[in-house]
Amino acid sequence: MEVTQIEKIRHSLSHIMAQAVLRLFPDTKLGIGPAIDNGFYYDFDFGDQDFSEQKLRKIEKEMKKIIKRNLAFTQEMIPREGAIERLKTLKAEYKLELLDGIEDDPLSFFITGDGEFTDLCRGPHVQRTSEIPIDGFRLIKTSGAYWRGDEKNKMLTRIYGYAFETKEELETYIYNMEEAAKRDHRKLGPELGLFMFSEIVGPGLPIFLPQGNILRETIEDYIKEKKKEYGHQFVTTPHMAKSDLYIKSKHWQKYDAMIPPINIDGDEYTLKPMNCPHHFQVYLNEKRSYRDLPLIIAENAVVYRFEKSGELGGLLRVRGLTQDDSHWFIRPDQIGEQVNVALELMSEIYNDFGMTDFRAEISAADRDNMDNYLGDPAMWDEAESKIEGILKTKEIEYKVNPGEAAFYGPKIDLQAKDTLGREWQLMTIQLDFNQPDNFDMTFTNSEGEDEKVVVLHIAILGSFERFMAIMIENYAGAFPLWLAPTQVKILPISGEKHGEYAHEVAQRLKEQGIRVEVGDKNERIQKRIRQAELAKVPYIAVVGDKEAETNTVAVRIHSKQDQGLQTVDEFINNLNEEINSKTYYLND
RNA sequence: GCUGGAUUAGCUCAGUUGGCUAGAGCACUCCCAUGGUAAGGGAGAGGUCUCGGGUUCGAAUCCCGAAUCCAGCUCCA
C-alpha cells in the first residue's frame with residue numbers, strides 16, 4: 001500500500017520524539033512508535049527516571065531542535081545476527097522481543113544523519129527533517145499502555161502527539177476536537193436534564209430524569225412497534241435467575257463479567273448478564289413445529305454486567321444496560337433469508353434515526369485456536385461463509401476480524417456513521433449453533449423428526465443507553481421533533497395578560513399528543529426565549545395581544561429566527577406532519 | 001483492573017510560597033420593573049473545601065489511603 005507523505009511525517013516524528021526523549025532521559029527504553037490517524041505515539045519505559053506530563057513541552061522543544069538541524073534519515077540493512085548484537089548494545093530489550101515476530105533478514109534500521117539515534121524500523125520516513133512542518137505537531141498527552149497490548153505485561157508510558165502537514169490543519173483539528181467535546185453526551189445529558197449519575201447509587205448505573213425518560217420511552221415505543229410489524233413477540237423475564245441457568249448456557253464458565261452470585265435459601269442466584277437463556281425457556285415451553293419458525297422472542301430488558309471500573313464511561317459503557325434484545329429461532333435453511341430480514345429491519349429503523357451510512361464487521365473464529373470456541377469447526381465455516389454471502393449480495397461493505405467471535409458463534413456488527421462521520425458499533429446479529437445443543441432446543445421437521453433449531457441473537461439498537469448517548473451527540477442535544485422531550489414551548493409576552501391564552505393553546509396541543517410546556521415565569525420575554533433556546537426546544541411559540549386576538553402563534557424554530565404568525569390550526573398541522581414524517585427541522 | 005490527571009455552593013470556576021468569619025457568575029428565594037424574539041435592576045439564602053487518617057501552633061493548600069470522574073491501555077452493547 002502506498003504510504004502518504006503525512007504518514008511518513010507522522011512516523012518520522014515518532015522517531016524524533018524518541019530521540020528527544022533519549023536526550024532528556026538517557027536511561028529510557030524504547031517500545032514501539034507508529035503513526036496513527038491524527039498523529040503518532042511512542043511507548044517508553046522510563047524506569048526510575050522522574051517523568052511527568054509537565055515534561056511534554058520540554059520534549060517538544062528538543063524535537064524542534066532536532067528537526068531544525070535538517071538531518072537526513074538513512075536506512076541501513078543489517079544481517080539478522082548483527083542486528084541482534086546491535087540491539088543488545090543499544091539495550092533495546094523491547095525491540096529484541098519484537099524480533100520473535102519478525103522474520104526479515106536482513107533487518108532494516110533507521111539512523112539519523114548524525115548517527116546519534118538508531119531505531120529498528122521498516123520505514124518509510126521522510127528523506128530529511130526539513131520535510132517536517134515545525135509547527136504542524138504538538139505533544140498532547142501521556143497514558144499507560146501495556147507492552148504488546150497484553151494486560152499481563154508491563155505497562156509502558158505512551159506519549160501521543162497530533163501531527164499535520166500545516167499549522168492551520170493542526171489548529172483546525174484541535175478546534176474540531178473542542179467542538180466535538182461540546183456535544184459530548186456526558187456534558188449535554190445532565191445539562192438538558194436527560195440523565196444523571198449518583199455516587200451512592202454506584203458507578204455505571206445511570207438514572208434517567210423525566211426529560212431523558214421521555215426520549216427513552218419515545219425510542220422504545222417506536223422500536224417496539226417496528227419489531228411487532230416484523231413479527232416479534234414480546235415477553236417479560238426476571239432480572240435474576242439461578243446461577244444454574246448460566247452454568248447450563250456455559251456463560252458461567254466463559255463469560256467474565258458476571259455479577260458475583262448471592263445465596264438465597266441455599267441456592268445461588270445472579271443478576272442476568274444476558275437474556276438468551278431466559279428466552280430459551282420460552283422456546284422450550286412448547287413443542288415447536290417447523291411451521292412455527294421463525295419464532296421471534298423479544299424483550300427490552302436490563303442486564304447487569306460487572307464491567308471493570310476503568311472501562312465505564314457515560315452512557316456508552318454502563319453496568320446496567322437495557323438491550324433491545326431478540327432471539328430468532330429459525331430452521332437451518334432459513335439462515336440466509338432471516339439474516340436478510342434482520343438487515344431490512346435494521347436499515348428501516350436506522351434510516352428513521354437519520355443514520356444511513358453502514359459498514360459491517362464480521363467477528364469470526366480464530367482458526368488457529370478452535371479450542372476456545374464451542375461447537376464443530378465445520379459449522380463455523382458454514383455460518384461465516386453464509387454471512388459473507390448475504391453482505392455481498394446486499395452490497396454492504398464489510399471486514400472480517402478473525403479471533404473476535406464470541407465463544408458460541410460468529411457475529412455481524414454494524415458500524416453506523418453519525419453526522420460527524422464517527423463510527424459506532426450498535427447493532428449485532430449473533431449466529432448461534434451451540435446454545436441449541438446446551439438447551440436441547442429442537443423443532444419437529446416436515447418428516448416428523450426432531451431437528452436442532454438455529455438461534456439468531458439480534459439487538460438493533462444495541463442498548464438504549466449507548467444508543468441514546470449516540471443520539472445526543474449526533475444531534476448535539478437538539479433532537480428532531482418526534483424525539484424531542486419538550487416539543488413546543490409557549491411563551492406569553494406577559495404571564496399575567498396572556499397566560500390564559502397560552503394555556504388554551506397548550507391545551508389544544510396536548511389534546512393532539514404534542515409535548516408542550518408553558519413558560520410563564522415572571523421574566524422578560526427575551527430571557528425566556530434564551531432559556532428555551534438553551535434547552536434546545538424545537539419550537540417556541542410566542543403569544544401576546546396580537547396572537548390572542550387572531551387565534552395565532554408567533555413561531556420560532558430552535559436556532560433560527562422568528563418564522564412569523566401561524567394560526568393555531570396551521571401550527572398543529574405542521575407539527576403533526578413533522579412528527580409523523582420524522583423529518584429534522586435543521587436539515588434543509 | 002492498569003498508568004497518569006482531576007475533585008472548592010445545584011452548575012461553571014477564582015482562591016498568591018499553609019495564616020483571621022472561603023469568593024464570583026449563573027441557577028434558586030423575595031422585592032421592584034409588566035416586558036415582542038438569546039441575559040432588566042436590587043436584596044437574600046446556599047459550602048463538614050469528595051471522604052478517612054497524618055504532619056503542623058495552624059491545612060481547601062503538604063503527606064498517606066479510599067471514593068468518584070476524565071484520558072489512554074485492556075475488555076465490551
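Residues numbered from 1 in each chain as written. Chains lettered and ligands numbered in written order. Predicted model: local features only at pLDDT ≥ 70, side-chain atom pairs only at ≥ 80, totals over all residues. Heavy atoms only, no water.

### Some points on helix H15 (residues 495-511)
Working note: α-helix, 3.6 residues per turn, so residues spaced by three or four point in the same direction. The line we're drawing: Residue exposure (1.4 Å probe, protein chains only): buried if accessible area is under 20% of the type maximum, exposed if over 50%, otherwise partly exposed. Secondary structure elements follow DSSP: runs of H or I no shorter than four residues count as helices, runs of E no shorter than two count as strands, and numbering proceeds from the N terminus. Two residues form a contact once any of their heavy atoms are found within 4.5 Å.
Of all the residues in H15, the buried ones are His 498, Gly 499, Tyr 501, Ala 502, Val 505, Ala 506 and Leu 509. Looking at the packing, one finds that the buried side of H15 touches strand E24 (488-492), strand E25 (516-518), strand E26 (539-543), helix H17 (545-550), strand E27 (552-557) and helix H18 (568-581). With its phi angle positive at about 80°, Gly 513 sits one or two positions after the end of H15.

### As for the sheet that holds E26
What counts is decided by this rule: By this definition, two strands are paired if DSSP reports at least two bridges between them. Between N-to-C directions, angles span 0 to 180 degrees; the directions come from axes that are lines fitted to C-alpha atoms, helices contributing only their stretch in contact.
Strand order in the open sheet formed by 5 strands is E25-E24-E26-E27-E28, and the pairing between neighbours is mixed. Edge strands, defined here as strands with exactly one partner in the open sheet, are E25 and strand E28 (562-567). Here the average twist between neighbouring strands, direction ignored, is 25°. Note that E24 and E26 share 5 bridges and pair parallel. Pairing of Pro 492 across the sheet is with Val 543, part of E26.

### Some words on the domain arrangement of chain A
Put simply, the rule reads: Domain borders in the structure are assigned automatically or taken from a domain database.
Each domain of chain A was delimited in the assignment, giving domain 1 (5-182), domain 2 (203-237 + 274-474) and domain 3 (488-581). In this structure, domain 2 and domain 3 have C-alpha centres spaced 42 Å apart.

### Considering the protein's contact with RNA strand B
Using the following cut-off: Throughout this document, a residue counts as near a molecule or strand when at least one of its heavy atoms sits within 4 Å of that molecule or strand. Side-chain atoms alone can form a polar contact between residues adjacent in sequence; in general such a contact is a pair of N or O atoms within 3.5 Å, and within protein one must be able to donate a hydrogen while the other accepts it. All residues other than Ala, Val, Leu, Ile, Met, Phe, Trp, Tyr, Cys, Pro, Asp, Glu, Lys and Arg, Gly among them, are scored as polar; the first ten of these are nonpolar and the last four charged.
Of all residues adjacent to RNA strand B, which total 55 residues, the nearest are Ser 143, Tyr 146, Ser 309, Arg 317 and Asn 522. Considering the 4 Å shell around the protein, atoms of RNA strand B inside it are sugar or phosphate in 47% of instances. In the environment of RNA strand B, a phosphate oxygen lies 2.3 Å from a nitrogen or oxygen atom belonging to the side chain of Ser 309. Between RNA strand B and the protein, one listed contact pairs a base nitrogen with a side-chain N or O atom of Glu 533 at 3.2 Å. When residues of the surface near RNA strand B are traced back to their parent elements, those giving at least two are strand E7 (137-146), strand E8 (155-163), strand E20 (423-432), strand E23 (454-463), H15, helix H16 (525-534), H17 and E27. Split by residue class, the surface near RNA strand B holds 15 nonpolar, 15 polar and 25 charged.

### Observations regarding the sheet that holds strand E5 (residues 107-112)
Paired through backbone hydrogen bonds, the strands of a sheet run either parallel or antiparallel to each other. One open sheet holds the 3 strands; their spatial order is E4-E5-E6, and the pairing between them is antiparallel. In this open sheet, the two edge strands, each paired with only one partner strand, are strand E4 (73-78) and strand E6 (118-120). Strand-to-strand twist in this sheet, taken as the mean axis angle between neighbours without regard to direction, amounts to 30°. Relative to the sheet, helix H3 (residues 80-89) contacts E4, E5 and E6, its axis offset from that of E5 by approximately 45°.

### Digging into the environment of Ala 469
Mapped onto the elements, Ala 469 comes out in helix H14 (residues 464-474). Taking the C-alpha atoms as reference points, Ala 469 and Arg 317, separated by 152 residues in sequence, lie 9.8 Å from one another. Setting aside its immediate chain neighbours within four residues, Ala 469 contacts His 185, Leu 315 and Leu 316.

### A few points about the nonpolar core
Note the cut-off: Residues belong to one nonpolar core when they are buried, are Ala, Val, Leu, Ile, Met, Phe, Trp, Tyr or Cys, and are joined through side-chain atoms within 4.5 Å.
Ranked by size, the top nonpolar core spans 82 residues in total, and within it Tyr 350, Phe 353, Ile 460, Leu 461, Val 488 and Ile 490 carry the most contacts. Per-element accounting of this core gives the leading share, 8 residues, to helix H11 (residues 335-352). If you count residues domain by domain, this core takes at least three from each of domain 2 (203-237 + 274-474) and domain 3 (488-581).

### Re the pattern of salt bridges
The following threshold applies: We define a salt bridge as a side-chain nitrogen of Lys or Arg found within 4 Å of a carboxyl oxygen belonging to Asp or Glu.
Evaluation of the coordinates by the stated rule reveals 37 salt bridges. Notably, a salt bridge pairs Glu 299 with Lys 272, separated by 3.9 Å at the nearest N-O pair. Of this pair, Glu 299 sits in strand E15 (residues 295-304) while Lys 272 sits in the loop between strand E14 (267-271) and helix H10 (276-284), placing them 27 residues apart in sequence. A residue is classified by how much of its surface remains accessible, and Glu 299, at 4% relative accessible area, is buried. Look at Lys 272 and you get buried, because its relative accessible area is 0%.

### A word on the packing of helix H7 (residues 210-229) against H11
Quick reminder of the rule: Oblique is the label for every angle not falling under 35 degrees (roughly parallel), over 145 degrees (roughly antiparallel), or within 65 to 115 degrees (roughly perpendicular). Take the far helix as your reference; a near helix turned counterclockwise from it by less than a right angle gives a left-handed crossing, and one turned clockwise gives a right-handed crossing.
Where H7 meets H11, the closest approach of the two axes is 11 Å, and the angle between their N-to-C directions is 150°. Comparing their axes, H11 and H7 come out roughly antiparallel. Here H7 runs over H11; the crossing is right-handed. Listed contacts from H11 to Tyr 222, Ile 223, Lys 226, Lys 227 and Glu 229 of H7 are Leu 345, Glu 348, Ile 349 and Asp 352. Here the contact of H7 with H11 is composed, by residue class, of 4 nonpolar, no polar and 5 charged.

### Comments concerning the environment of Thr 356
The topology assignment puts Thr 356 in the loop between H11 and strand E17 (358-364). You can call Thr 356 exposed: its relative accessible area is 58%. Each C-alpha atom, one on Thr 356 and one on Thr 270, is 39 Å from the other, the two residues being 86 residues apart in sequence.

### Here's the deal with unusual backbone geometry
With an omega dihedral of 0°, the bond running from Leu 293 to Pro 294 counts as a cis peptide bond. With respect to the helices and strands, Pro 294 occurs in the loop between H10 and E15. The backbone phi angle of Asn 70 is positive, close to 50°, even though this residue is not glycine. Even without glycine at this site, Ala 476 takes up a positive phi of about 50°. By secondary structure assignment, the location of Ala 476 is in the loop between H14 and E24. Judged by its relative accessible area of 16%, Ala 476 is buried.

### Thoughts on the environment of His 15
By the element assignment, His 15 lies in helix H1 (residues 5-24). With relative accessibility at 2%, the residue His 15 sits in the buried group. Considered as a pair, His 15 and Tyr 42 are 27 residues apart in the sequence and their alpha carbons are 8.0 Å apart. When neighbours within four sequence positions are excluded, His 15 is seen to be in contact with Phe 110, Phe 117, Asp 119, Cys 121 and His 125.

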